[in-house]
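Architecture and fold: a report
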Amino acid sequence: LDFFRKNGLQTDLGRQQFLELCHEVADGHNSDTIAASKCLIDYLFHKVAYDSQKKKWGESMFLNEVASIPFVCMETLHHLSWIKPVCTPTKQIHQTIPNKILFMTELKGAFVNSESLPFLVWTIKPLVSLPCSRSDVAHLLGVKTMVQVDDIIQNIKCIAEGHLSD
């Protein structure tokens, strides 16, 4: 943010403006969706973590609304896709530069991509990378950090139904 301040650019967003930017990213209305998504997630985590009274950015109705917008890039896990593709994304955006399709998801219900977690749920739940290990902020946004046994069983069933099971 220091760079923005030095150049006289805006460094603080209101909640409504933030929601509008999330919708713009979700609709693919920018040239670098990956960077825009990451920037918004970083900003959101910073604002929620440091909103000491949780009255503005930590308010549950606002966080619920943000967490329901598919502005977050899913991890594609290419190293596992030969076994079974990742779960179906909420939304797909075709980005022209570079020419690729991005899988987008909401924060609510997604899992944090950690060292062992992808192997347990990648076929049934979206995985996202977050800027920090603030599990308190992730929890407020409905992001899962712990896997339930039922999720693991569903993942195994999904893999067993794949082309390798023949």
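Refer to the structure presented above.
Residues numbered from 1 in each chain as written. Predicted model: local features only at pLDDT ≥ 70, side-chain atom pairs only at ≥ 80, totals over all residues. Heavy atoms only, no water.

Before going further, it helps to spend a moment on the packing of aromatic side chains. Overall, the coordinates contain one aromatic pair when judged by the stated rule. Pairing Phe18 with Tyr43 gives two aromatic rings, centres 6.1 Å apart and planes at 25°, and the pair type is stacked. Of the two residues, Phe18 sits in helix H2 (residues 15-26) while Tyr43 sits in helix H3 (residues 33-50), which places them 25 residues apart along the sequence. (Phe/Tyr/Trp six-rings, centres within 6.5 Å; stacked < 30°, edge-to-face > 60°. Helix = DSSP H or I, 4+ residues; strand = E, 2+ residues; numbered from the N terminus.)

Core analysis: the biggest nonpolar cluster contains 34 residues, and Phe18, Leu44, Phe71, Leu107, Leu130 and Leu141 have the highest contact counts within it. With seven residues, H3 is the single largest residue contributor to this core. Beyond its immediate sequence surroundings of up to four residues, Phe71 is in contact with Cys22, Val25, Ala26, Ser37, Leu40, Ile41, Val66, Met104, Thr105 and Leu107. With ten residues, the next largest nonpolar core counts Met74, Ile83, Val121 and Trp122 among its residues. (Core = buried A, V, L, I, M, F, W, Y, C linked by side-chain atoms within 4.5 Å. Buried < 20%, exposed > 50% of the residue type's maximum accessible area, 1.4 Å probe, protein only. Contact = heavy atoms within 4.5 Å.)

Quick look at the pattern of salt bridges now. For side chains bearing opposite charge, pairing can occur when the charged atoms are close. Counted according to the given criterion, the structure contains two salt bridges. A salt bridge links Glu59 to Arg15; the shortest N-O distance between them is 3.7 Å. With a gap of 44 residues between them, Glu59 in the loop between H3 and helix H4 (60-67) and Arg15 in helix H2 connect regions that are remote in the sequence. With its nearest N and O atoms 3.0 Å apart, the salt bridge here joins Lys38 to Asp42. Of this pair, Lys38 and Asp42 both sit in helix H3, four residues apart, which is roughly one turn of the helix. (Salt bridge = Lys/Arg side-chain N within 4 Å of Asp/Glu carboxyl O.)

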